[in-house]
Structures are given as C-alpha cells and as structure tokens.
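Below, each chain spelled out in residue letters.
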There are 2 protein chains.
Amino acid sequence: MTNSLTSPASIAVVGASKTPGKIGYSVVNNLIQSGYKGKIYPVNPKEKEILGLPSFASVAAIPESAETAIFAVPAKKVLEAAAECGQKGVKNLVVLTAGFKEMGREGLELEKKFMSICREYGMRMLGPNCVGFLDTHTPVNATFLKGFPGQGEIAFISQSGAMLAAILDWSQTAGIGYSKIYSLGNKADLNEVDCIAEAAADPNTKVILCYIEDVACGPDFLRVVSEVTKKKPVVILKSGTSQAGAQAASSHTGALAGSDLAYNIAFKRCGVLRAYSMSELFDLAIAFVNQPVPKGKKVAIVTNSGGPGIIATDKVEANGLAMARFEKETIEDLRLNLPPEAGIYNPVDVLGDAKADRFKFALEKVLSDQNVDSVAVLLCPVAVTQPLETARAVIELNQAYPAKPLVAAYMGGPALAEGAKLLSQNGIPCFTMPEPAIAALAGMSTYAGFIEPAPAAEKKNDFKPDLKTVKAVFYDVKRDHRLVLLGSEAAEVIDAYGITAAATSLSQSPDEAAAMADKMGYPVVLKVASPKILHKTDVGGVKIGVSTPEQVKSAYVGIMENVHRYLPKVVPHGVEIQKMLPKGIELIVGMSRDVQFGPMIGFGLGGIYVNLLKDVSFRLAHNISPGEISEMIAETKAYTMMKGYRGDKPVDIDAVSEVIRRVAMLAVDFPEIMEIDVNPVFAYEKGVAALDVKITLS
Amino acid sequence: MTNSLTSPASIAVVGASKTPGKIGYSVVNNLIQSGYKGKIYPVNPKEKEILGLPSFASVAAIPESAETAIFAVPAKKVLEAAAECGQKGVKNLVVLTAGFKEMGREGLELEKKFMSICREYGMRMLGPNCVGFLDTHTPVNATFLKGFPGQGEIAFISQSGAMLAAILDWSQTAGIGYSKIYSLGNKADLNEVDCIAEAAADPNTKVILCYIEDVACGPDFLRVVSEVTKKKPVVILKSGTSQAGAQAASSHTGALAGSDLAYNIAFKRCGVLRAYSMSELFDLAIAFVNQPVPKGKKVAIVTNSGGPGIIATDKVEANGLAMARFEKETIEDLRLNLPPEAGIYNPVDVLGDAKADRFKFALEKVLSDQNVDSVAVLLCPVAVTQPLETARAVIELNQAYPAKPLVAAYMGGPALAEGAKLLSQNGIPCFTMPEPAIAALAGMSTYAGFIEPAPAAEKKNDFKPDLKTVKAVFYDVKRDHRLVLLGSEAAEVIDAYGITAAATSLSQSPDEAAAMADKMGYPVVLKVASPKILHKTDVGGVKIGVSTPEQVKSAYVGIMENVHRYLPKVVPHGVEIQKMLPKGIELIVGMSRDVQFGPMIGFGLGGIYVNLLKDVSFRLAHNISPGEISEMIAETKAYTMMKGYRGDKPVDIDAVSEVIRRVAMLAVDFPEIMEIDVNPVFAYEKGVAALDVKITLS
C-alpha cells in the first residue's frame, strides 16, 4: 500500500451525483465538508457541475491525474472505469460499488476481472463493497456515511460497513475521536494487514481496533502484526466464534473462516488483544489512548463504599490480575490518617463520608507504593461526596504518577456527570460500573506481558533431521496411493526427527514375527498393520505382553483370524511387532493444519481419554519458541502430573519439550503432512518413548 | 415481617433535625417530599418544629402511637430510644445509625443488646447501619438519599447502602423506575429473605433484584426463595466470588461469606438467576419487567447488517441459546419477498437499504414461525434506515405476538436516539450493542427453565437405612475421641445405607488376617488401618493381589514392618482385609458441608486424579431430587464414560444414582458428619462397589 491512501493529493469521484441521497452525492459532499485540501474531481458525463465543482465526462477528461479514484458507479461499469483510471495513472481505487463476491459466483468472476485490471496498472484497491475511509488529520472523509468524527488517536478497521456507521454515530454520544477509519468490504486487494500496517506508521494513531470476520492471509498477518504490536496495541473483535456464527460469516462476505482456536493462538503469537464484545473493544481503546501500560498485574482499589470494592476485587481475580499487597509504611500511613472504620488494606475503603481530600490522601499513598502497578478509583454519590473536586484530585495525581495507569468508576448519573466528564476530558477512563474499569486494566496488563522483552538468548537448536528417510517413506506411501502411513512408517518418520519410538517392525509371517521379536527382546506387543483399521483393539487386532517365540507365532495367527472374522474384506499389510515398554505418564503430541495459520501443535494428557479429558493446549508450529513450548506444557493438567503428582517422581520435561519442538519441525518441513498424532508418548524420569504414531498426508 | 414495613400508617423520626446536611433532616425532608400520606412525627427534644411539623421531645411524648420509627440518633442513644419505642407499641424500627457490628466487638455487643430489646417488645428491625427503604406506590421515601425514583415494577434489595445511592442516581439517566427499595445494612434482624418475601407479595413488583455479600440464613433462603421464584424472577448479584473478594467481604459488614460454589448450587436449587455484573443485573430486570418469558431457547435474529448478525449469533451459542431453524414456509416467504442478496436463514439480513416496511415484513414472518421462541432486532444507522418507523413496527408486532419476547439493539447514537427512546417507552428492551440484548434473552430463557413444571411423579423412595448400626459406629468413634472413621467402620456405615462396599474386615494378627481372607475368598488386598496415615501406599501400607493364606500372613507382617520403619510413632489399629474386585469405571461420590447451605453432594471421575481432573459436579443434599441427580451426573465427563466410551458397554447408571441419593440421605440424617469421600466407586455393567470410604465427623 502506498502511504497516500488516507492522504491523497487529489481524488476523483467516479459516479459523482447531484442528487442528495445518492452515494455519489454523499461522497462528494463528505469530501468537501471534511475540509479536504486536495483537488476533488467529480466524474459524471451527464453533469457540468456537482456541488460547486466542475464535473468531468470521464477520468480521462480530468486535466491532471488523480491519485485516488472513488467508485460509486454500478458494478457493470467498473471494468471500463478501472481501465481508464489505470491509463490515467491513478494509484488507488476505493470501490463503494456492491455486486461482487458477496453476490455469488457471477460477482466473484467480475471481482477477479476487476482485480486483474488493477494488477495490470499497478493500482491498489480498497473494497469493493466497502463504505470508504476517512482520516481526521489529513483531513479527508472518503465515505458515504453521515457524520465526521472528532480527531483522536484510535484507528478503526472494519470488515462490516454498517457497523462503521453504527460506531460513528455512537461515538458522538460517547465522545470518542478517531485518527483513521477504514472499511474493508470484500478485501479483494487491500486487507486488514495493509490497513494495520498503515495505521501503525501513522504518528497520529496510538491504538488500532479491528472488527474482522476472517483474516485474508494468515502468514502475512502473523509477520506484519507481530511487528506492529511491539509498538502499538492492536485490539481485535473477531466474530464467527460459534459454529452457527461461522456459518453466518461464510454466507456474509463469502469469507472462509478459519477455526476459532487457530485465531486465538495466532492472536496470542503476534501479541493481539482479542475483545469479545463491542463494549470491550472500545473500553480497551480508551484506556490505551489515555493511560500508560502498567508494569505488572498488581492493582490497588480506592473506594468510598464497601460493596463496589468487593465487586471490583472479584473482577481483579476473575481477570487474572492480583490485588496489590501494600508496603508496611503505606498501611501505617493509611491507619494513622484515615478514620478507624476505614479499610486500610486493599481495597482501601475511605468510607461514605469521604470528601475529595480523603480520596486524594489515600490515592497518593497507594500510587506511591512500589507494590502497586495500577489503580482503580470507585466513587458512589453519597451525601457528602465531592465528585468534581475528587475528579480534580484524581487528575492531579495521574499527572504526578504518570507511569501508573489510573481508571475510575463514577457510579451514578446526574450527581456525578460533571466529575465524570472532567475525568474523561483529562484522559482518565471513567466508567459507570466497576467491572469494565477492572477489565480495562486487565487488557492493558495483558498487552504489557506481550511487549515484555523476550528472555535471554535460548540455547541454539542445531538438530539436523534425517530428511532423506522421511522423503523415502513419503515416496513409498504416495506410490501406493495411500494417505495414511503404516505404524512402522510413521515410527520411521519421527525417528528421523530424533524422537525415540518404541522399536516397531512389520512382519509378514508368523516366523518372521518370531524372529523379529527375538531380535528386539521380550515382552512384545503385536498389532495388525492396516491403514484401514482405525480401532485395532475393537477387532481383536492387538495382543500385549507376548513373551516367547511360540506365543508370538500363535498371536500372529490369532490376530489374522480375528481381523478376517470382523473385516473379511480387509487384507492387512501384516502384523507389527513392538517392544513392550514400561508404563510412563501418557501424553499426546499432535499436529493439525489450519487453513489460515498453518500447522498447529497440540500437547496434553494422552491415551484413550484424550478426547474426553480435552486437556490439550495449542500453539502455532512455525518458529515455535522454547518459551512457547514451556507455556503450552504449563497450561495443561498433564503438567501437574509431570512435575510429580502425589509423591511420584517428576518426569523428563526437557525430553517432552524436545518432542514438541521436533514434531513442529517435521510439520513445517513437510507441508504435505495434514495430521500427526503421537499418542501415547510415555514420559519417564529419564527420557520419553513414542508408543503409537499416526501420520496422515493431504 | 409485617406487611406494613413499606406502607406504615405513621412514622416517627428519632433524631430528626432542622439542619440541612444532617441525616435527621434528610429523612424528614424525604418523607415529606415523597408525598407520604401517613403521619410524620419528628422526635428531637431541642426543637419545637421541624420542616413545618411539630417536633416531640421523645417517642413517649407522641400523642398516638407510631407504627414505624426511623432512628437517626447516635449509637449510644439507641438502646434507650428502642425501649421507649417498645413501650409505645412501635412495630418496626428502621435504624440508619452506624457504629454496630461493622465496628468490631464492642459494636457487636451493642447490636446484640439492641436486638434483645427489639425481641422483648416484638419489634422488627431493618438495619442497623442502613440507608432506609422507599416505596414509590405507597408513596414513602424513608431514606436519607438524594432523589426519589420514578414508579416501576422492580424491587431492589441491597446490602450496600452506597450502591443504592449510585443506583438511584444512575437510574435517572437510564430512566429506570422502582416499586420498592430496601437497604439491608447489618441485617441484625430483617434480612434479604424477609425483603424478598415482602416484594414477592407486592402486586406492584414484577421482578426482584438483590445485591448481597452473603445470605443471613441458608435454610430460610432456600425455603422462601424457592417459592418466590415460581411466581416472580429473582436476580442476585452476589459479590465475594474470589478469594480476595471474600476477604474484602468479611472485613466489610462482618459477614461470614459461604463458599461461592455453595451459593451457585443454592441459587440453582431455588431458581435464582445469578448476575455477574451490575449491568447484567439491570439488563435482566428491564427484560423481565417488559417482556414475556420465552417458551424455549430458539432465537431468531433480524438485522440490517451482517457483522452485528454474526456477533449476535456467536453470543446466542455462547449463552446456551440456539439459533431457530425456520419452517420451510417462512424461508420461502422471505425468499420471495426480500431482495435476492438478503439472508433468509437465521440471522435474517434485510440488508443495509432496508426501510421500516422490510424490517416489519421479516419480523412478522419470524415471529409467526412456530420454531421461534424469541426475537432480537439489530439495527445499524445506514443511509436509508428509518429508526423511528422501524421502532413503531417493532412495537406493533410485539403487541401482535405477546407470547414471544422481543429485544432490540439500536446500534448508534444521535441518529437512533428517538427510535430507541420510543422502543424503551413501549417496553421493548433496547440496547446499544447486540451482546447484552442476547444475554437478556438468555437470562429469561434460563428462568423459563426454572419455572417449567417438574416431570411427572417420580418413583417413591421407600429405602430404610439401618440407623442403629450407624449410631453404634459413631458412638465408638466418639468414645475413642476420634474424628476420622477407620475404613472398616466407614464401610459399615455406608453398608447400613445399602451401598455395597467391598467386604472389609479389620484383623489384628497375621492369623486372624488369614482366617478372614479365607472366609471372603481370594485374591484380597491388605491395607494398614490407622486414621493417622492418609497416604497408605506411600508408607508401604498396602499390598494388592494377595492370593493364599501364607501370602496374607507375610503381607501382614511386611505392612507392619514398613509402617514402623516410616512412622515409628504410629501404632496402627491393625490391617484391613478387603476382597479384591474387578476394575470398573472409577467414580467419586462425596459430601462436604457448607456453613450456610448445609451438606453438598459431589459426583465425578474418581481415583487418584480426582483433584487434578476436577470433573466433579455438586448439588445440595437436602431433598435432592432424582432429576437433580441425573443432571449432576450428566454434567460430568464421567458420564461420557458411563454411557459406554469408544465401544465399551455402558455401566449401571441407576446404581450410581442410588449411591448419590443414599450418601445424600446419610449426610442429612447425621449432621455430625463433616465430610464423606467414597473414592473410588467402581461402576460395572451391573451394580457398583465402593472401594474406599472416608468419613470424618465434626
């Protein structure tokens, strides 16, 4: 994207109109009303003049070139107009016209043709089917919406045009200003990543908000947004979290929604805060715009009423924050200077008869306490309360302690309105209820965690997998027109990545089986080898604890007979012989591939109850860091067992981490792998063993 | 409580004052300003007249009797004033005075003396340390707060006085009216249950809201509120959910907070909706006051914008509701009459260019669909939107379909204000964002589930436990000054309740052990018998799979030697011999006693990982119904296994249910039992067996 999308030198409006109510009228009118300083060229062959500006018969007829062209013509005219723009040297198209991908197959074809013209001339496109963009600092209002917001430091990027209309209107009531607003429409070319990048580079933008239904390109998103969040917070409301919601999404903009889990781990990977409601999105924005990011999770609460103090304390814990424990001196100072009934621990209850001076005293004490990272002030309107004077004190202290974020809940209506307004005007996020005040601190604290410098350089990863072996196995599998690897093949593959699999060999006769068992040592396990049999135990296809050559032979025959009885049409590849291993903690390490964000690695409690217990945490496989691996292990209940549960000795967590890392490597190295299940992995005091490995290709 | 608390014939104000700003002034002034029709008697020996009313030197000096006396005197004067009121025949005291339990031990003593005077004269007391009460229909404002709310059908009961002040002030902005408001203060006498009962009996009250930090008496609460919720919804915001929050609560009104889990199951038992934020509390109230309760969970959404439609769909699922699937005719009608790009499935997207008539058409279609239980309308302000006309259509249809609740989200500000106001005035709950609209429908639907008639009469429970055996065991345990039962004793106790425990006998010599094992049959398990040894395996105190008399004798000796080596100071009671049973699904049935709500029964996955997996659901033991038992089983992951997991045969769920029911009976019959753990219970295809039973007395 050129830097000029939101600050073009000149704008042509293709399909400009003289008729109020028409989009082509609204756009020209909005451009003029916004005080846009560049040239505006209305294009309409039927008019001589529109809203006081000379109208041109075509883009070609404009004497100079226009940097940006806004399209408000019907869909059937866009191809011609686009070619004209291209010849004229227009750089950016903003396409308000609907009737493309969102209308089905025919629309999609038209959109593709449109895009190929843009590519031919090197033009970038916002939309189609969007409501435009605006920038309050340029200033320019290239939308057909009513109203131009006040200047502010929030950039808002939306995949829903109507929602932009709603937000703009609502912002007037809420008194929220913006730096830039983008409507993405169908995202045929420019998408959320381009707009996030542009907003990130904008000195007038302090926080970036998005409403999206999908991301256009997972890898781009990860690469670009990871960098942006190091400098500016990005908060995203991503809809389509539910099964039904995702259906609604795909019938909406024709978007193919990735799974919600993949979005969660991708957002986490690149430091994006995820909002789960529209209120949350804006509550966070207001906090980020006005207050510093806290140094840690420790919150102090100052209140003139016990009830709200308890409610806020509940939310501190529920949101993953912690109540600050004050220094001895702070408590002593509060004890000496507040009335005896006051609450001097956290929450500090300055009592119903507190005037501004008592609030100020308590606030100053907790702000100056080194154990306090952020502060929430809660005020109820009781008889003697001084909402305005208290607001002044809060503002003064916020300036005196600029490193500690401060939020307020002024709980009431008319009696507090003046004070609340003063707080908002002076950058103190002020809510009506205590809950969103704490939620805002929590969001800021999560972001603070994202931008913490990574721990010191981690040990170099110099493991070199045996790629040749893996390629050879996959070659055989593909030649057989199979997608599922045999157990012995899968074991060979992970062995090539240095993951110790229980020794497994494929035998094709009772005698061969016995010979192999002799070689690996007893006891052994026999399992039928067939990619067509998913649940081997159910068909009598598994014998465990086989201890002599004779037993091996008879087990071989028994398995083949069982399988033939249950599944007469299946011809097994043979029987796999595996050395029986001592039981360790049963874990699973797996991989599944998301259409947007690529391979995701899962780890958790394994065994046959893995789907029941659902104790699996996920991360993206690409560039997974040792820190992420430690985190994903620590998130599971499996970790409690691994550390040594109820007197058991701890298992080899380093070895488990290494399995996770190497399965991730394997998934990244071979994009043809669709799924991997290493389940169970036995973890021992020293080392691990992969008991069963399933690998499916795509 | 007499019916007259909120409609007394006459009121004395003890400690009335002429000085604005004093509580004694505010109360008299509020009484007058509220238009109270009864007699008002200011009592202040220093004044002749207060706010135009004659002032009396004492309560005794009032010519008639006053039904209610409001105390605004200092704490040190209350005892004398109370006695005077008692002698005069005053029925109710409303005590605004602070300085009682909330101030510590001395205050608590004073409060007790105060209460004993009230009891002596049969007076009831609201408070002390409260802000009073008001009733907009009487009308009477017996508080010292600023402002008197408009009439409405919401009763609000609050344990926090300052929060009442906040709510009253905020309600002016939000346009919310009330029937009654009660401030509970220290709850020395009248508490939330009394106020809920009074509000339930009030024809002007349609929904009851509470903010509480604890309940005064669990059994009263359960008994009374269960009945109330059959007629009127009760929504409670109970704070102190977090560890830190509970600490703040106990240092606040000196309340002893029961555990949060107990509150959850108690609220569920008696049909109380629990709100988790102040916004939620009021959003629900507005919905209940204005709209009917839905017949089911199926929601239809009509929107003029895709984005909000998806967001709302997400919330439908997240809140446990379901998206309605329309009848074929509905879909056909929508297809024929809406533009081709419109969404005709659920959510119905009438598109950005929809005027009121198109909204009306779609709304009428979905309201008339029998698969739709409730409807949410979402409107964004795009160019042609007609917010006011659409509001009129919504109101008309709400009246035409009075059985289906309808809520709206008018997403915007000034452009929609008039329409939103019209909706609110006509009883359509109207929100700014889609999320709270769906949450309100969800709350109503949950309440609908509470008031559904219970399923037809369930099979009679005619089981008679062997109480004599249990009493005899407890007698012995108490005589030994023990609290923990031996395994064999615990087995005897549950056996007396018809729960099959694995046969267990206590032996005190190797020979006795062998004789017992011979009698019960091999193999057996030997466990050291000592209430002082919690983890028997860790000290070598358990031997499993013992198969001959010789092995039994040597195991006996081995166990005693091991225990002596690890714990030289412990003298075991002997060794328990238990028949070894085949392995079934490992479950836990347990009981712990809550200080407020009595015994709670837990059920879930058992074995040594019970604390790790945390798959345990709880219910109150008292009067637990077969329906509740089925519900609690179905909530667990254990249930998935019990139904037959991955090809396993299902186990005997009836037998498991019976264990839960009988453990509940035992807990109710013997209040001296503090805790029961039956873990594991093995569940088989036919029947169950209790392997290990721990019972602790208090």
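Thresholds, definitions, all that
Residues numbered from 1 in each chain as written. Chains lettered and ligands numbered in written order. Predicted model: local features only at pLDDT ≥ 70, side-chain atom pairs only at ≥ 80, totals over all residues. Heavy atoms only, no water. Pairing = 2+ DSSP bridges. Helix = DSSP H or I, 4+ residues; strand = E, 2+ residues; numbered from the N terminus. Axes fitted to C-alpha atoms, helices over the stretch in contact; angles between N-to-C directions. Contact = heavy atoms within 4.5 Å. Domains from an automatic or database assignment. Buried area = accessible area lost by both parts, 1.4 Å probe. Salt bridge = Lys/Arg side-chain N within 4 Å of Asp/Glu carboxyl O. Polar contact = N/O pair within 3.5 Å; in protein donor to acceptor, adjacent residues only side chain to side chain. Nonpolar A, V, L, I, M, F, W, Y, C, P; charged D, E, K, R; others polar. Buried < 20%, exposed > 50% of the residue type's maximum accessible area, 1.4 Å probe, protein only.

All names here are of chain A. With respect to topology, seven strands assemble into an open sheet ordered S9-S8-S11-S10-S12-S13-S14, the strand pairing being mixed. Strand pairing shows two members of the sheet lacking a second neighbour, strand S9 (140-143) and strand S14 (273-275), which therefore form its edges. Neighbour-to-neighbour, the strand axes of this sheet turn through a mean angle of 20 degrees, independent of strand direction. Docked against the sheet, helix H4 (residues 161-174) engages strand S8 (132-135), strand S10 (151-158), strand S11 (178-183) and strand S12 (207-212), running at close to 155 degrees with respect to S11.

What follows is about the domain arrangement of chain A. Put simply, an interface is often sized by how much accessible area is lost when its parts join up. You can read the domains of chain A as domain 1 (10-285), domain 2 (294-450), domain 3 (467-579) and domain 4 (585-697). Each of domain 2 of chain A and domain 3 of chain A has a C-alpha centre, and these two points are 66 Å apart.

Below, the discussion takes up the interface of chain B and chain A. Contact with chain B, which involves 68 residues of that partner, is made by 68 residues of chain A. Summed over both partners, the interface of chain B with chain A comes to about 5,500 Å²; 66% of that surface belongs to carbon and sulfur atoms. Sorting the residues of chain B by area buried against chain A places Ile310(B), Leu612(B) and Arg646(B) first, and these three jointly supply 12% of that buried surface. Where chain B meets chain A, there are zero salt bridges. In this assembly, chain B and chain A are joined by 18 residue pairs in polar contact (both at pLDDT 80 or more). Elements represented by at least two residues in the side of chain B that touches chain A include exactly helix H4 (161-174), helix H7 (243-250), helix H9 (278-290), helix H10 (306-318), helix H14 (414-425), helix H15 (434-451), helix H20 (610-613) and helix H22 (637-642) of chain B. Among the elements that take part in the side of chain B that touches chain A, H10(B) stands out by supplying nine residues, more than any other. The residue makeup of the side of chain B that touches chain A, split by class, is 35 nonpolar, 22 polar and eleven charged.

Residue and element names in this part refer to chain B. Taken as a whole and assessed by the stated rule, the structure comprises 56 salt bridges over all chains. Of the charged contacts in the structure, one is a salt bridge between Glu635 and Arg619, with a shortest N-O distance of 2.5 Å. One end of the pair, Glu635, is in the loop between helix H21 (626-634) and H22; the other, Arg619, is in strand S27 (residues 616-620), and 16 residues separate them in sequence. Given a relative accessible area of 42%, Glu635 falls into the partly exposed group.

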